[in-house]
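What follows is each chain in one-letter form.
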Amino acid sequence: MAKKKTTTKKKPASKKMSLKPSKQNTIILGSLLILFSMALFFSFVSYYFTWQDDQSLLSEFGDRNEQAKNLLNKFGAAVSHFFVYKGFGLASLIFTVLLCITGLYLFLNMEKKGLLKKWIWGLIFMIWISLALGFIAETQPLLGGLIGYEMNDFLQDYTGTIGTVLILLFGLVFILVRFFKLTPEGIAKVFAKKEKSAQKSTASTTVVDENVEEETYLEPEDETPVVIDTYTHKKDIPSLKKEETAKDDFEVTVPVEEEEEQLSMEVEKIVEEKEEKDNIADKLVEDFGEFDPTLELGNYKFPTIELLDQHGATGGITINQEELEENKNKIVETLKNYKIGISQIKATIGPTVTLYEIVPEAGIRISKIKNLEDDIALSLAALGIRIIAPIPGKGTIGIEVPNKNASIVSMRSVIASSKFQKAEMQLPIAFGKTISNETFVVDLAKMPHLLMAGATGQGKSVGLNAVLTSLLYKKHPAEVKFILVDPKKVELSIYNKIERHFLAKLPDSEEAIITDNAKVINTLNSLCIEMDNRYELLKTAMVRNLKEYNAKFKARKLNPNDGHKYLPYIVLVIDEFADLIMTAGKEVETPIARLAQLARAIGIHLIIATQRPSVNVITGIIKANFPARIAFRVTSKIDSRTILDTQGADQLIGRGDMLYTQGNDVTRIQCAFVDTPEVDKITEYIGSQRAYPEAHELPEYSGEESGTSIDYEIADRDAMFREAAEVIVTAQQGSASLIQRKLKLGYNRAGRIIDQLEAAGIVGPFEGSKARQVLVTDLVALDHLLSNEGS
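What you see is a predicted model; the values in this text were computed from it and never measured.

Colleague: Could you give an account of the packing of helix α24 (residues 721-731) against helix α25 (residues 736-743), with specific residues and numbers?
Modeller: Where α24 meets α25, the closest approach of the two axes is 10 Å, and the angle between their N-to-C directions is 115 degrees. Regarding the angle of α24 to α25, the classification is roughly perpendicular. With respect to the hand of their crossing, α24 and α25 are arranged in right-handed fashion. Contacts from Glu723, Ala724, Val727, Ile728 and Ala731 in α24 reach Leu738, Ile739, Lys742 and Leu743 in α25. Split by residue class, the contact of α24 with α25 holds seven nonpolar, no polar and two charged.

Colleague: Could you give an account of the pattern of salt bridges, with specific residues and numbers?
Modeller: Inspection of the entire model under this criterion finds 20 salt bridges. Here arginine 534 and glutamate 530 are joined by a salt bridge, their closest N and O atoms 2.9 Å apart. Here glutamate 530 and arginine 534 lie together in helix α17 (residues 517-541), a separation of four residues that amounts to about one turn. Neither residue differs from the other here; arginine 534 and glutamate 530 are each classed as buried. For arginine 722, the salt bridge goes to aspartate 783, with nearest N and O atoms at 2.0 Å. Highlighted residues: arginine 722 in helix α24 and aspartate 783 in helix α27 (residues 779-790), separated in sequence by 61 residues. With a relative accessible area of 34%, arginine 722 lands in the partly exposed category. Residue aspartate 783 is classed as partly exposed on the basis of its relative accessible area of 35%. Connected through shared salt-bridge partners, Arg386, Glu400, Asp657 and Arg668 make up one network.

Colleague: Describe empty space enclosed by the protein, with residues and values.
Modeller: A water-sized probe rolled over the atoms picks out the places where empty space is left. The full count for this structure, using the stated rule, is two cavities of 30 Å³ or more. Approximately 50 Å³ is the volume attributed to the largest cavity. Lining the largest cavity are Pro351, Thr352, Val353, Lys433, Thr434, Ile435, Asp657, Arg668, Ile669 and Gln670. Contributions of two or more residues to the lining of the largest cavity are made by β8 (428-434) and β17 (666-671). Ranked by the residues each element gives to the lining of the largest cavity, the list is headed by β17, at three residues. Within the lining of the largest cavity, the residues separate by chemical class into four nonpolar, three polar and three charged. Quantified by volume, the second largest cavity comes out at close to 30 Å³. Lining the second largest cavity are Lys505, Leu506, Ser509, Ile514, Lys519 and Thr523. For the lining of the second largest cavity, the per-class residue count stands at two nonpolar, two polar and two charged.

Colleague: Break down the pairing of strand β11 (residues 480-485) for me, with residues and values.
Modeller: The buried fraction of β11 is high, at six of six residues. By the alternation rule, side chains of β11 split into Val480, Phe482 and Leu484 and Lys481, Ile483 and Val485, which are all buried.

Colleague: For helix α18 (residues 546-554), give the residues involved together with the corresponding values.
Modeller: Three or more residues of α18 are buried, namely Leu546, Tyr549, Asn550 and Phe553. The arc that holds every buried residue of α18, seen down its axis, measures 90 degrees, which confines them to one face. Of the surrounding secondary structure, the elements contacted by the buried residues of α18 are α17 and β13 (569-574). Structurally, the start of α18 carries an N-cap: the backbone nitrogen of lysine 547 is 3.3 Å from a side-chain oxygen of asparagine 545. Arginine 556 sits one or two positions beyond α18 and adopts a positive phi of about 60 degrees.

Colleague: Lay out the nonpolar core in plain terms, naming residues and giving numbers.
Modeller: Judged by nonpolar contacts, the single largest core of 111 residues is most densely connected at Phe431, Phe482, Tyr495, Phe577 and Tyr660. A total of nine residues in this core trace back to one element, the largest contributor, which is α17. In this view, tyrosine 660 contacts Phe431, Phe440, Val442, Met447, Leu450, Ala628, Arg629, Ile630, Asp665, Val666, Thr667 and Ile669; residues no more than four positions away in its chain are not counted. Within the second largest apolar cluster, 22 residues are counted, among which are Ala750, Ile753, Val763 and Leu786.

Colleague: Lay out the environment of cysteine 100 in plain terms, naming residues and giving numbers.
Modeller: Of note, cysteine 100 is situated in helix α4 (residues 92-107). Classification of cysteine 100 by relative accessible area gives partly exposed; the value is 24%. It is 9.5 Å that separates the C-alpha atoms of cysteine 100 and leucine 32, two residues lying 68 residues apart in sequence. Dropping the residues within four chain positions of it, cysteine 100 is found in contact with Ile34 and Ser37.

Colleague: Residues and numbers for the sheet that holds strand β16 (residues 657-661), please.
Modeller: Strand order in the open sheet formed by nine strands is β9-β8-β17-β16-β15-β10-β14-β13-β11, and the pairing between neighbours is mixed. Sheet topology places β9 (439-443) and β11 at the edges, where each strand pairs with a single neighbour. On average, each strand axis in the sheet is tilted by 30 degrees relative to the strand beside it, whichever way the strands run. Pairing of strand β10 (residues 450-453) with strand β15 (residues 628-631) involves four bridges; the strand directions are parallel. Within the sheet, the bridge partner assigned to alanine 453 lies in β15 and is alanine 631.

Colleague: Got a sec to walk through the layout of surface pockets? Specific residues and values, please.
Modeller: Here the largest pocket is characterised by a volume of approximately 1,000 Å³. Lining the largest pocket are 28 residues; nearest its centre among them are Thr139, Pro141, Val359, Pro360 and Gly395. Per-element accounting of the lining of the largest pocket gives the leading share, four residues, to helix α6 (residues 141-178). Counted by class, the lining of the largest pocket contains 13 nonpolar, nine polar and six charged residues.

Cut-offs used in this document
Residues numbered from 1 in each chain as written. Predicted model: local features only at pLDDT ≥ 70, side-chain atom pairs only at ≥ 80, totals over all residues. Heavy atoms only, no water. Axes fitted to C-alpha atoms, helices over the stretch in contact; angles between N-to-C directions. Helix = DSSP H or I, 4+ residues; strand = E, 2+ residues; numbered from the N terminus. Parallel < 35°, antiparallel > 145°, perpendicular 65-115°, else oblique. Left-handed = near helix turned anticlockwise from the far one by under 90°. Contact = heavy atoms within 4.5 Å. Nonpolar A, V, L, I, M, F, W, Y, C, P; charged D, E, K, R; others polar. Salt bridge = Lys/Arg side-chain N within 4 Å of Asp/Glu carboxyl O. Buried < 20%, exposed > 50% of the residue type's maximum accessible area, 1.4 Å probe, protein only. 1 Å grid on protein atoms, 1.4 Å probe; cavity = no way out; pocket = protein on both sides within 12 Å on 5 of 7 lines; lining within 4 Å. Points joined across faces, edges and corners; volume = space filled by probe spheres on them. Arc of directions from axis to C-beta. Polar contact = N/O pair within 3.5 Å; in protein donor to acceptor, adjacent residues only side chain to side chain. Core = buried A, V, L, I, M, F, W, Y, C linked by side-chain atoms within 4.5 Å. Pairing = 2+ DSSP bridges.

Listed below in structure tokens is the structure:
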């Protein structure tokens, strides 16, 4: 019997220590499902970042040498492709959650009662989300997956867009009512509860304060009042009444409220004064109307469209069906030779370039097509082929192919377009037409500065003329002024006729168009003074930009007696910037950088053109402040990267073919062609009308010479002064390096002698990188000059 008892006691212990085989299996299976769900989750998430790189590996799954970029390598890429791309898209993540929940049920040996319900609701969520994403993002199959895309396509074929939306809304209502138990009455109750709780909280604040006072101050009979500290519970005897009265006094007299009242009275006074001024301004507007800056030239007539010629065909773009079909077949054939299949191709015809948009078959790597640029150009026997992979905002790859018979985009067609005529912009510029044959119009005031580059003869000067013509056709002489810098002396000289209408210059300058590089420095510094003056006016007017300032001035809210006046936009145009940098360097770069950084708000805008877009001309400071850039055809990829920060400008075909960027996408445009005789007719038409007495005057700037202005005493002159003067006069070249070589002196000493020669009137002032001018013609004149100094 004893043995039996012992055996019966030991059996339950052995049962507690061991697990049944079935339970062990469920724990193992549960842990497997949990880990597998985690693996799927990481591979699905990773797939959205690596699917493009891993597409080509799907067909090479058995090759062990190939490695995928997915977090779970080739297995993750293949499984993700099946579930995400061919399945439910982003909603496939719900599948990983369902797997994880099932694993937890098995691992923790929970009852399986509600598991089936979770799977049913999970699948409903997956189908609805997949369909919704397929509808919202039709062009992005990765979001809704192939199932969402096909369901959306099926529903749209039979019920249309509105029907699909209604079906989605019904599905959403079904989920909200059945799963989240939402009803109209329930929603109303939630809002009602929130209102009641808000009312209770405001009403209970005062009651709580009174209860606190009653609890903290206890007065036992025939005893001194005792104060109980609610935090430390220590008894403190007397001085209750003092504290109480002090507290009461503090509560009654609140100095903050008096300050607020006083402050509000001051604000009221300011508001009243402002209202009085506004009333006066409104009365002036009622009596005399708004100030009209164009009144002085009230009879000014804008140039007519007949002044511009209609270049090329008048019927728009001619479509050559044979050329399109031939190019299409060659592109498809070339890609086929490299085992790249195309599921779809379409063509968009532009004035000079046709864009072929292709959709590659699934699994094709984009970089593979991008590398075939030269091969496609060879098969098409065409110059200037550019591949955009992918096109921003579209799920396609673009191949730009030049047309055999390019059509000229005339300035007349661009100016006459409704897009330009109806443009509500401060400074509208019509550059030309895009690949889709749309007129490209931008606002210079929003750019706010423009950098233009391109090789010689590729269309820079025509581009500048297009910019100036656009503004002449849209703005009154009172609204905009130009400062034109033309080192070539021939490109912008045709605008001399509109000097008293549209041009601005320095007070002492004879010609409005600046051709001398030395005067450019003074003009730029004068513009900086103008900028500072305008900012002072904006500050006193309490506005932030020129548009607000002029609107306030027109409404007669600014007094001209206080220095206020209507401020026109100022556009500085520099035709050959590289020449300025070579001759003046930092003296030009510094004011231009300052203007580019600060002049936007006060209506000064810069347009800089150069034919040499190298890094020593277009420096980092300039690039940082010129977000809007235009690149005509350049000779190398390095030049293209310098101007646009990307390649492509080296693949243009010239003759006005250009790329425009404003810091994001690059747009290919055919620049509008305006010939010199057309510009001449426009300026003649404007110049023949009544003008202002003088050109718009810029602030006076007294230039500081880069050389020394110190008058050296004769006794303080260098011992080699006479010999250096003879060397300079004999060679007729005023440079410190010449003195260094001839007299074998150091650079510092030669520099001091040059300063002494300038003070003596033998050489002229510093002129940048040029040698100083020698003011004495020969040695006889030098002797005469020095002997007169001695006497």
